[in-house]
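# Summary of the model geometry
Chain residues, written in single-letter form:
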Amino acid sequence: MAKSQTVVFKNQPVIIGSYSIVGPKEGAGNFGEYFDYVMKSDSFGEKTYEKAERKMIQHAIVGAIEKAKIKPTDVELLLAGDLLNQIISSSYAARDFSFPYLGLFGACSTMAESLAIGASLIDGGQFDHVVCSTASHFSTAERQFRFPLELGNQRPPTSQWTITGAGACVLALKGKGPKITMATFGRVVDYGINDVNDMGAAMAPAAMDTLMAHFRDSKTTPDDYDLIVTGDLGKLGSEILIDLMEDQGIKLGLNYNDCGQMYYTRNQATLCGGSGCGCSATVLNSFIMKKLLDGSYKKVLFAPTGALLSTTATQQGETIPGVCHAIVIEGVKQEKKK
Amino acid sequence: MDEKKRNEAYNNYVKAKIPKTKPWPSLFNSFWVGGLICVLGQGINDLIMLWFPNMAEQTAWTYTLVVLIFLASFLTGLGVYDRIGKFAGGGSIVPITGFSNSITSPALEFKNEGIIYGMCVKMFTIAGPVIVVGIISSIIVGLIYLFI
């Protein structure tokens, strides 16, 4: 019998403030109306896209702190990560804040990783206010992992579109808002996929592994959740996940979906959908949070996946390992305003 | 061993599930766009020959290439060439205009990292291998030609 990967929080940390900021293309997508801020251009008034990504993270952190109605001096720790080498966006963003910082790398699963760690730290009683944040930027990810923007190439049908956006939220020991009740930490899973244009297929087994562990440890079934959502498996990856889960004897029904798959409209020509750290982070901190706050969702299983590759590893013939962390967020049931 | 089998089965499953590109429309688009670029080249060459009747044919071709390379580079800078490429695929990659695009686009992309370490170093990341293969194969062909 495998050891439990799931932590059940006794103190149930509360998400007291959340903020999302996205680029113009994302703003025109399916979640457009839910985001807190839509940038007018991808460069966000900065000289380079890396600086823009950094500024997005800062913007999201400040926004989340403001929405949580606390002072920046109340924040005891920042947990953040992104996709760039040596997670420069997060670290350079943290340079301008006065609170301590822990850099995380879970690729596109970073939002769940930071929330799971943040919730554990708060549950342990060492911290009262922790900020969790992550971001990705299409133009910075593209140049690091793929080709120059202006190169006239064709994208394969399995490819996804890195989301330009950042999300942040403030976790607190006490307060009003959705609560994090459980977290399942994922193992690194590799089923031998080596196509860098097919991240969905590379990460789907990791999602399966973590979801299976979660259902086993927490003794829940998919029907216990109003929404089970993965991060950026995309259209193909989420179909694969449904098949993989079915092989294990668990059926994911209509309450399952994938942020990347839902993100863009059909006309935006993003092939398999959105990807990147910002994908799950911006959907969680906009759409999902609002639905949890207004009572439409009571229990959400948020399980974004990350592909832990680098260009060096893939060029040396390595396959793509994936990881997936899951957290359970429960909404506020009482005091419906409408 | 077990894991190897599992991965193999998974890779086969994924391969069967991957959406396929439709070859005929892609081929058609690359054919006519590629053809059009060649027609454009021929047109430029004819015009040069018409305007400068004393020019040697070889020199006229060189100028034609210069004009095509400039046009592709210019369109890359304007952000148009990647759109053509998205539509035409191989049709706009194979002619010399594609080569021009593959050098201009990283040059633009990495100018923020500085002229030398950014632009000059990265300029040949995509075109570099093509040049290397071109030179090496020409050496081999040259050697074969020498001994025949």
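The structure this text deals with has already been given above.
To start, this report covers the structure provided alongside it. This one's a predicted model, so the numbers in the text were calculated from it and none came from an experiment. (Residues numbered from 1 in each chain as written. Chains lettered and ligands numbered in written order. Predicted model: local features only at pLDDT ≥ 70, side-chain atom pairs only at ≥ 80, totals over all residues. Heavy atoms only, no water.)

### What about the packing of aromatic side chains?
Scanning the model with the defined rule gives 14 aromatic pairs over all chains in all. Seen in terms of ring centroids, tyrosine 191 of chain A and tyrosine 10 of chain B are 5.1 Å apart; in terms of plane orientation they differ by 90 degrees. Their pairing is edge-to-face. Residue tyrosine 191 of chain A is located in the loop between strand S9 (179-184) and helix H6 (199-218), and its partner tyrosine 10 of chain B is located in helix H1 (residues 2-17); the two belong to separate chains. Summarising the aromatic geometry, the rings of phenylalanine 287 of chain A and tyrosine 297 of chain A are spaced 6.3 Å apart at their centres and angled 75 degrees between planes, so their arrangement reads as edge-to-face. Note that phenylalanine 287 of chain A is positioned in helix H9 (residues 277-293) and tyrosine 297 of chain A in the loop between H9 and strand S13 (299-303), a separation of ten residues in sequence. Residues phenylalanine 287 of chain A and tyrosine 297 of chain A agree in their burial class; the two are buried. Feature note: the residues Phe31, Tyr34, Phe35, Tyr263, Tyr264, Phe287 and Tyr297 of chain A constitute an aromatic cluster, connected by ring pairs. Note that lysine 55 of chain A overlies the ring of phenylalanine 44 of chain A, its terminal NZ or CZ placed 4.6 Å from the centroid. Taking the ring centre of phenylalanine 110 of chain B as reference, the NZ or CZ of lysine 122 of chain B above it sits at 5.0 Å. (Phe/Tyr/Trp six-rings, centres within 6.5 Å; stacked < 30°, edge-to-face > 60°. Helix = DSSP H or I, 4+ residues; strand = E, 2+ residues; numbered from the N terminus. Buried < 20%, exposed > 50% of the residue type's maximum accessible area, 1.4 Å probe, protein only. Lys NZ or Arg CZ within 6 Å of the ring centre and 35° of its normal.)

### Some points on the interface of chain A and chain B
With 28 residues of chain A at the interface, the matching set in chain B holds 31 residues. For the pairing of chain A and chain B, the buried interface totals around 2500 Å² over both sides, and the portion due to carbon and sulfur atoms is 57%. A per-residue breakdown of the area chain A buries against chain B is headed by Arg143, Glu150 and Tyr191 of chain A, which together make up 28% of the total. Where chain A touches chain B, the interface holds four salt bridges. A salt bridge links glutamate 239 of chain A to lysine 17 of chain B, with the nearest nitrogen and oxygen atoms 3.8 Å apart. Between chain A and chain B we count twelve residue pairs in polar contact (both at pLDDT 80 or more) in total. With five residues, the top contributor of residues to the side of chain A that touches chain B is helix H7 (residues 234-247) of chain A. When grouped by side-chain class, the residues that make up the side of chain A that touches chain B number 14 nonpolar, seven polar and seven charged. (Contact = heavy atoms within 4.5 Å. Buried area = accessible area lost by both parts, 1.4 Å probe. Salt bridge = Lys/Arg side-chain N within 4 Å of Asp/Glu carboxyl O. Polar contact = N/O pair within 3.5 Å; in protein donor to acceptor, adjacent residues only side chain to side chain. Nonpolar A, V, L, I, M, F, W, Y, C, P; charged D, E, K, R; others polar.)

### Digging into the packing of helix H4 (residues 110-123) of chain A against H9 of chain A
All names here are of chain A. Between H4 and H9, whose axes approach to 8 Å, the crossing angle comes to 60 degrees. The angle between H4 and H9 falls in the class oblique. Of H9, the residues touching H4 (which contributes Thr110, Met111 and Leu115) are Cys277, Ser280, Ala281, Leu284 and Asn285. Residues that form the contact of H4 with H9 fall into these classes: five nonpolar, three polar and no charged. (Axes fitted to C-alpha atoms, helices over the stretch in contact; angles between N-to-C directions. Parallel < 35°, antiparallel > 145°, perpendicular 65-115°, else oblique.)

### Remarks on unusual backbone geometry
All names here are of chain A. Even without glycine at this site, lysine 219 takes up a positive phi of about 55 degrees. Here lysine 219 shows up in the loop between H6 and strand S10 (227-230). Taking the relative accessible area as the measure of exposure, lysine 219 reaches 72% and is therefore exposed. Located in the positive-phi region is leucine 271, a residue other than glycine, with phi close to 60 degrees. Along the polypeptide, leucine 271 turns up in the loop between helix H8 (259-263) and strand S12 (274-275). When its relative accessible area of 43% is taken as the criterion, leucine 271 is described as partly exposed.

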